[in-house]
Amino acid sequence: MKNILTGKKHLFTRIAIGFALGILLGIFLPDFSIQIKFIGDIYLNIIQAMIIPIIFVAVSTGIINIGSGKDLGRIGVKSVSVFILMFIATAGIGLLISYLVRPGNHINIDSAGYDGEITSPSVEDFFMNIIPDNLFMALTEGDILATIIFTVIFSIAIVAVGKEAEPVKNFINSLSTVIFKVLNYIMELTPIGIISLMAFAIAEYGAGIFSALGLYIVTAYAACIIAFIIVMLIPVWIYTGMTPVQFLKGIYKVWLVSLATTSSAVTMPTTIRVTKNDFKVSESITNFVVPLGTTINMAGGAISFSLLAVFVSDFYNIPLSVGQIIYLVIIATVINMAAPGIPGGGIVLGASFLTLLGLPIELMGPIAAIYRILDMAYTTMNITGDATAAILIDESEKRRNKKSTFSAES
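Keep in mind that what you see is a predicted model, and the values were worked out from it rather than measured.

Participant: Before we move on, can you summarise the confidence of the model for the chain with the specific residues and values?
Facilitator: Low pLDDT means the predicted coordinates in that region are not meant to be read closely. Here the chain averages 82 in pLDDT, and 81% of its residues register 70 or above. Within the chain, the lowest mean pLDDT, 44, falls on helix α1 (residues 2–6), and the highest, 95, falls on helix α12 (residues 214–240). Low confidence marks residues 1–7, where pLDDT is under 50. Its contacts with residues over four positions away, or in another chain, come to eight contacts. Contacts for the low-pLDDT stretch residues 111–121, under 50 throughout, to residues beyond four places or in other chains number 24 contacts.

Participant: I'd like to hear about a nonpolar patch on the surface, residue by residue, with values.
Facilitator: Taken together, I17, L21, L24, I27, F28, L29 and F32 make up a surface patch of nonpolar side chains, about 660 Å² in accessible area. A total of five residues in the nonpolar patch trace back to one element, the largest contributor, which is helix α2 (residues 11–28). Mapped onto the secondary structure, F28 falls in helix α2. Overall, F28 belongs to the exposed group, its relative accessible area being 61%.

Participant: Could you give an account of the packing of aromatic side chains, with specific residues and numbers?
Facilitator: Summed over all chains, the structure comprises 10 aromatic pairs. Between F150 and F154 the ring centres are 5.8 Å apart and the planes differ by 20°, which places this aromatic pair in the stacked class. With F150 and F154 both in helix α8 (residues 144–161) and four residues apart, the pair spans about one turn of that helix. In this structure F154 comes out as partly exposed when scored by relative accessible area, which is 31%. Ring centres 5.4 Å apart and planes at 75° place the aromatic pair F228 and W255 in the edge-to-face group. Of this pair, F228 sits in helix α12 while W255 sits in helix α13 (residues 244–261), and the two are 27 residues apart along the sequence. Look at F228 and you get buried, because its relative accessible area is 10%. Judged by its relative accessible area of 22%, W255 falls in the partly exposed class. In this structure an aromatic cluster arises from ring pairing among Y216, F311, F315 and Y316. Here the basic side chain of K37 rests over the ring of F200, its NZ or CZ set 5.1 Å away from the ring centre. The aromatic ring of Y239 is capped on one face by R399, whose charged end is 4.1 Å from the ring centroid.

Cut-off values and rules
- Residues numbered from 1 in each chain as written.
- Predicted model: local features only at pLDDT ≥ 70, side-chain atom pairs only at ≥ 80, totals over all residues.
- Heavy atoms only, no water.
- pLDDT = per-residue confidence, 0-100.
- Helix = DSSP H or I, 4+ residues; strand = E, 2+ residues; numbered from the N terminus.
- Contact = heavy atoms within 4.5 Å.
- Patch = residues over 30% accessible without salt bridge, like charges linked within 9 Å, V, L, I, M, F, W, Y side chains within 5 Å.
- Areas by Shrake-Rupley, 256 points an atom, 1.4 Å probe, with all protein chains shown as cover.
- Salt bridge = Lys/Arg side-chain N within 4 Å of Asp/Glu carboxyl O.
- Buried < 20%, exposed > 50% of the residue type's maximum accessible area, 1.4 Å probe, protein only.
- Phe/Tyr/Trp six-rings, centres within 6.5 Å; stacked < 30°, edge-to-face > 60°.
- Lys NZ or Arg CZ within 6 Å of the ring centre and 35° of its normal.

So this is what it looks like as structure tokens:
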């Protein structure tokens, strides 16, 4: 028993135990669970402090170790293509399930006003935000998308310079080893953080919150499960030969963290570890695809926006035309690419999304009250999509290399 509680290889067993203990604390000791929330907040702060360094070393080592610029370009195009296809397919499933259930026609709630700041980002705003006028300020403020863009450009330059940049390449590889060693130390705190976060979630958003918007929550989770099976589980099974059981045995470890933290960025270190160790994806592919996916791959966001649009349109009896549905998917794709991988980030994005569609935003009040419950599913879909993309791209590269080797031998 002592080995299970202390051994590094049993980290995810301890996380699972912490997950269960958090639920029990939230049910039986709700007041105490709310009081110990600060422990989970400290854990989140520690992880968030590591996000920018992790993204820098992960993306940079992923690029500089991929190989030639031609290889990098090919893998980059594959990554973005997989992310977009995954988003569109998931959005389609979300719309289908939402129109089958139509929770907006069956729920009677008072439409409380939404108190958050509403912004409708233009194309100009989008590009101005991802190209900061002060790089160091963007890094210190934790601007993930700006960090990735800078890191990609910097790393491509290293590859382009070639031999003269070897000292820089060696330094970044060494820095990556050190950063991930520090991360290993921090990961040992995860079970404690999970206990606090889950206990607070259960105590604060207990069974009572499910009554008013229960059908909305059920629809969201049903759509996520169906999309996971169709868009992620089956493609991995068919294309790579990895059985559903093998996939689930690895990905559940990531789910434990995503369900408790509701943050793709905070879960990213775990996603990287599981993708490399459990799914045997090459380090270069993992380090490139997963951080990129954390920023622009939002399969859960596809479900979120699809359900939100149908729910609000049905609630106010405002039918959506085919053109509006197509527009819905397009703007959802663009907005989600700039979505912050933080807890609750989807609330403001959801209000902005409704504004762009010309739909009322008043229902964001009640939805915001249950958003953590929803975000547990949405975030889990996001990070599962990141791992799925890395697996599929890695398999495509392995097949390409085998084909190239066979052709050369012939």
